[in-house]
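Structural characterization, general
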Amino acid sequence: MSSPFDVAVVGGGAAGASCAVHLALQGLQVVVLEQGPIPRRKPCGGGMAASVQQWFPFDLSPAVDQVIRRVRFTWCLEDPVIAELPGEAPFWIVQRSRLDAFLLQQATAAGAELRQHWPVTTLQRQGEHWELQGPAGSLRSRAVVIASGSGASLGSGLGLGSANPRFATTVAVEVDADFDAASDDPDTARFEFGLVHHGFCWSFPRQGGYSIGLGTFIGREPADAETVLQRLLPELGLSPEAGVRQTSALRIWDGHHRLHGEGIVVVGDAASLCDPFLAEGIRPALLSGTAAAEALQRWLGGDGQALAAYSQRMRRDWGESMAWGKRIAQVFYRVPRIGYQLGIKRPTAPQRIAQILSGQMGYGDIAQRVIKRLLFQQS
Ligand SMILES: Cc1cc2nc3c(=O)[nH]c(=O)nc-3n(C[C@H](O)[C@H](O)[C@H](O)COP(=O)(O)OP(=O)(O)OC[C@H]3O[C@@H](n4cnc5c(N)ncnc54)[C@H](O)[C@@H]3O)c2cc1C
């Protein structure tokens with residue numbers, strides 16, 4: 001059998017690609033196993049805080065489609081609240097197929113091997129190595145990164161991440177449109193809270209069109225997406241039938257879990273890191289990929305505690321905020337009209353929301369006040 005890789009990364013999305021690029025830059029022998037082709041179309045709004053740039057030693061701007069300077073919130077398409085985002089480039093819109101391919105390109109340029117059409121079906125620890133198998137073949141590695149997204153089952157079989165993951169139901173619509181004809185606000189991202197039961201809709205401008213969608217965050221009943229889109233799309237100057245609808249389940253944060261085992265870590269959606277209030281999943285995917293690479297490098301160098309430290313770091317740097325995000329979501333989406341009035345229409349709210357979206361603040365910084373306000377109003 002051929003000599004083992006240092007690390008096999010299962011999945012070439014944002015989390016896997018970010019991990020692979022950092023590992024390869026450290027000179028480790030890395031293989032990325034991706035079940036699909038690259039680039040790969042993925043349902044995703046593509047909104048992310050520009051602060052993710054801090055985790056990469058190269059410029060991410062080739063993957064950025066649009067810079068967002070303002071966020072517009074509405075309730076049933078009315079009662080708008082506008083938040084001006086702070087800083088030079090606080091919020092970016094990316095096309096996921098481009099971002100993921102760009103990161104993988106950086107990884108392969110640094111020496112990683114990319115194998116496309118290589119689904120991993122089984123993972124087994126054999127002595128000092130992991131053996132990975134799939135219809136395309138088998139290989140060995142000293143360590144494994146599970147980065148296989150929301151549908152991942154490889155991690156839970158090994159006791160990593162949530163045993164009973166929670167999911168949001170989403171419908172994504174990609175619409176090609178001319179900004180001048182459709183909107184005069186190409187640097188404004190829109191969030192609409194009144195049209196979707198237990199969730200919200202978004203509309204993000206990108207090169208040559210919009211990423212539009214809706215998600216429900218409590219229960220698994222799908223929203224009546226067609227009725228919502230028939231109202232939302234004309235508001236943007238688009239035909240109600242525009243774009244192709246794509247429904248998917250998004251694994252969201254649901255508690256603190258162990259994200260590591262012996263020579264193995266789980267990252268991104270496979271680790272249930274996606275924000276349960278606003279569906280922000282790219283930033284935690286990139287953060288966990290970066291943190292996992294640092295931990296694996298130390299573990300491969302003989303630090304036996306390094307992977308446990310990864311689980312702790314993700315809890316501290318992301319999970320603690322998400323625990324508050326989950327509580328906010330549970331209260332807000334049950335009484336969204338009150339939530340909108342008390343959480344978003346307050347004079348200080350636009351500034352706070354802007355700081356959360358740009359990554360300057362976590363939910364913990366605002367949660368106690370927001371929840372108290374919502375609960376007090378209900379009683
Ligand atoms: C409709 C929608 C809109 C969203 N909008 C936003 C947004 O605007 N901003 C934001 O921050 N987040 C958003 N998210 C969330 C975000 O898309 C995810 O959190 C993010 O994609 C997670 O990245 P990942 O690398 O963990 O998973 P993925 O991007 O799903 O990548 C997983 C990869 O693993 C591959 N794979 C799966 N199984 C295997 C296997 N067995 N073997 C080999 N390869 C495998 C898949 O083909 C895939 O390429 C949205 C999600 C949805 C569904």
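What this report covers is the structure whose coordinates are included nearby. (Residues numbered from 1 in each chain as written. Predicted model: local features only at pLDDT ≥ 70, side-chain atom pairs only at ≥ 80, totals over all residues. Heavy atoms only, no water.)

Quick word on the sheet that holds strand 14 (residues 199–206)
Note the following rule: Criterion used throughout: strands pair if DSSP finds at least two bridges between them. Only DSSP runs of H or I with at least four residues qualify as helices, and only runs of E with at least two residues qualify as strands; both kinds are numbered from the N terminus onward. Think of each axis as a best-fit line through the C-alpha atoms, taken over the contacting stretch in the case of a helix, with angles from 0 to 180 degrees between the N-to-C directions.
Read across the open sheet, the 7 strands follow the order 6-5-13-14-15-12-16; overall the sheet is mixed. Each of the sheet's edge strands pairs with one partner strand only, and the pair in question is strand 6 (78–84) and strand 16 (244–252). The mean inter-strand angle of the sheet, taken between neighbouring strand axes irrespective of direction, is 20°. By the bridge criterion, 3 bridges tie strand 13 (residues 188–192) to strand 14 in an arrangement that is antiparallel. For Glu192, the partnering residue across the bridge sits in strand 14 and is Cys201.

Quick look at the nonpolar core
In plain terms, the rule: Among buried residues, those of type Ala, Val, Leu, Ile, Met, Phe, Trp, Tyr and Cys that are joined through side-chain atoms within 4.5 Å constitute a nonpolar core. When a residue's accessible area, from a 1.4 Å probe over protein chains only, is under 20% of the maximum for its type it is buried; when over 50% it is exposed; and in between it is partly exposed. Contact definition: two residues touch when any of their heavy atoms are within 4.5 Å.
Counting 117 residues, the largest nonpolar core has Phe73, Leu132, Phe193 and Tyr333 as its most contacted members. In this structure, Phe73 is in contact with Asp79, Pro80, Val81, Ala83, Phe191, Phe193, Tyr340, Ile344 and Ile353, ignoring residues within four places of it in sequence. Residues Val171, Val196, Cys201 and Leu229 belong to the second largest nonpolar core, which totals 19 residues.

Details of the packing of helix 1 (residues 14–25) against helix 5 (residues 282–300)
Basically, it comes down to this: By the definition used in this description, the sense in which the near helix is turned from the far one sets the handedness, with an anticlockwise turn below a right angle giving left-handed and a clockwise turn giving right-handed.
Following both chains from N to C, one finds helix 1 and helix 5 inclined at 35°, their axes separated by 7 Å at the closest point. Here the hand of the crossing between helix 1 and helix 5 comes out right-handed. Judged by residue contacts, Ala14, Ala15, Ser18, Cys19, His22 and Leu23 of helix 1 engage Ala285, Leu286, Gly289, Thr290, Ala292, Ala293 and Leu296 from helix 5.

Thoughts on helix 1
For the record, the criterion: The span you would expect from a helix comes to 1.5 Å times its residue count less one.
The terminal C-alpha atoms of helix 1, which comprises 12 residues, lie 17 Å apart, in line with the 16 Å expected from a rise of 1.5 Å per residue. Within helix 1, 11 of the 12 residues are buried, which leaves it mostly tucked inside the rest of the structure. Taken as a whole, helix 1 has its buried residues at Ala14, Ala15, Gly16, Ala17, Ser18, Cys19, Ala20, Val21, His22, Leu23 and Ala24. Buried residues belonging to helix 1 abut strand 1 (5–10), strand 2 (30–33), helix 2 (96–109), strand 11 (137–146) and helix 5. Positive phi shows up at Gly27, right after helix 1, with a value of about 85°.

Some details on the site of the ligand
Keep this limit in mind: Consider each residue's heavy atoms; a residue with any of them within 4 Å of a molecule or strand counts as near. A 3.5 Å cut-off defines polar contacts: any pair of N or O atoms within that distance qualifies, except that in protein one atom must be a possible hydrogen donor and the other a possible acceptor, and neighbouring residues in sequence count only when both atoms are side-chain atoms. Note on areas: these come from Shrake-Rupley sampling with a 1.4 Å probe, and a residue is covered only by the protein chains present in the view.
Near the ligand, the surroundings consist of 36 residues, among which Glu34, Gly45, Gly47, Arg96 and Asp269 are the closest. At 3.1 Å, a backbone N or O of Gln35 approaches a nitrogen atom of the ligand. Asp269 is positioned with one of its side-chain polar atoms (N or O) 2.7 Å from an oxygen atom of the ligand. Within the complex, the protein chains bury 91% of what would otherwise be the 1,000 Å² of accessible surface of the ligand.

Some remarks on the side chain of Arg72
So the rule is basically this: The convention is simple: Lys and Arg are positive, Asp and Glu are negative, and His and the chain ends are not counted. In what follows, salt bridge is the name for a side-chain nitrogen of Lys or Arg lying within 4 Å of a carboxyl oxygen of Asp or Glu.
Of note, Arg72 is situated in strand 5 (residues 70–75). Despite its burial, Arg72 pairs with no opposite charge, the nearest such side chain being Glu235 at 5.1 Å. Sequence-distant contacts of Arg72, defined by excluding residues within four places in its chain, comprise Pro80, Val81, Ile82, Thr188, Ala189, Arg190 and Phe191.

Let's talk about helix 8 (residues 349–357)
Counting buried positions along helix 8 yields 7 of 9 residues, so the element is predominantly enclosed. Those residues of helix 8 that fall on the buried side of the exposure criterion are Ala349, Pro350, Ile353, Ala354, Gln355, Ile356 and Leu357. At the C-terminal side of helix 8, Gly359 shows a positive phi close to 85°.

Here's the deal with the packing of aromatic side chains
Quick note on the threshold: Whether two aromatic rings pair depends on their centres lying within 6.5 Å, for rings of Phe, Tyr and Trp, where Trp uses its six-membered ring; planes under 30 degrees apart make the pair stacked, over 60 edge-to-face, and the rest tilted. By definition, being over a ring means that NZ of Lys or CZ of Arg is both within 6 Å of the ring centre and within 35 degrees of the ring normal.
Across all of its chains, the model carries 18 aromatic pairs by this definition. Residues Phe200 and Phe217 carry aromatic rings whose centres are separated by 5.6 Å and whose planes lie at 10° to one another, so their mutual orientation is stacked. Of the two residues, Phe200 sits in strand 14 while Phe217 sits in the loop between strand 15 (209–216) and helix 4 (225–235), which places them 17 residues apart along the sequence. In this structure, Phe200 and Phe217 share a single accessibility class: buried. A centroid spacing of 5.2 Å and a plane angle of 70° characterise the contact between Phe277 and Phe332, whose relative ring orientation is edge-to-face. Separated by 55 residues along the polypeptide, Phe277 in the loop between strand 18 (264–266) and helix 5 and Phe332 in helix 6 (residues 306–332) bring together distant segments of the chain. Relative accessible area serves as the criterion here: at 9%, Phe277 is assigned to the buried category. Directly above the aromatic system of Trp324 lies the positively charged group of Arg327, at a separation of 4.4 Å from the ring centroid.

Let's talk about the sheet that holds strand 7 (residues 91–94)
Overall, antiparallel pairing links the 3 strands, which are arranged 3-7-4 in an open sheet. The sheet terminates laterally at strand 3 (47–49) and strand 4 (64–68), the two strands that pair on one side only. Pairs of neighbouring strands in the sheet enclose a mean axial angle of 35°, with direction left out of account. Pairing analysis gives 3 bridges linking strand 3 to strand 7, with the strands arranged antiparallel. Residue pairing in the sheet places Met48 in a bridge with Trp92 of strand 7.

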